[in-house]
Amino acid sequence: MNENAEIEKIADMIRSKSREQLIGLLNFNKENASFIELELQICKNLNEIGAIILEQLVPLKYGDGYKGSKVNIDEETTYSCIAKDRPRGLLTAFGKITIHRAAYTEFQSGGLKSFIDEALDIENKRIS
């Protein structure tokens, strides 16, 4: 898929979610919600849209981190791909998102590595 198609896909997701949220806000206000309750609900809704945008932009900007079935870092360190698409959750300022990325294991240590986690500086973190 080209970049324009990806942008339109994200825009459609945002439009759909925004419409759903606006309908919910109109019904929310009919329940005699106070102004502050309405304001907080709008903030929550905006965070949901932010999470959608962030989750969709990560693979567009950073890719999936797949570098082949084997990656040699140096003479002693070789990583083998164990999954081309291994999802992981991350708590962000917008709420929880899921990042889909390739995962590798290192033969000597048996440790798990994701080059995307490294690029995003979220290795061994559950909160950004």
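Residues numbered from 1 in each chain as written. Predicted model: local features only at pLDDT ≥ 70, side-chain atom pairs only at ≥ 80, totals over all residues. Heavy atoms only, no water.

A. Representation of the sheet that holds strand β2 (residues 78–92). Here four strands make up an open sheet; going across it, the order is β1-β2-β3-β4 and the pairing antiparallel. For this open sheet the edge positions go to β1 (70–72) and β4 (112–113), each flanked by a neighbour on one side alone. Alignment of strand β3 (residues 95–106) against β4, held across two bridges, turns out to be antiparallel. Note that in β4 the partner of T105 across the bridge is L112. Along the sheet face, helix α2 (residues 35–62) touches β2 and β3 and points at about 20° away from the line of β3. (Pairing = 2+ DSSP bridges. Helix = DSSP H or I, 4+ residues; strand = E, 2+ residues; numbered from the N terminus. Contact = heavy atoms within 4.5 Å. Axes fitted to C-alpha atoms, helices over the stretch in contact; angles between N-to-C directions.)

B. Spotlight on the nonpolar core. By size, the foremost hydrophobic cluster in this structure holds seven residues: A51, V58, L90, I97, I99, I116 and I122. At the level of elements, α2 and β3 are the ones that each hand at least two residues to this core. By size, the runner-up hydrophobic cluster in this structure holds five residues, among which are V71, Y79, A102 and F115. (Core = buried A, V, L, I, M, F, W, Y, C linked by side-chain atoms within 4.5 Å. Buried < 20%, exposed > 50% of the residue type's maximum accessible area, 1.4 Å probe, protein only.)

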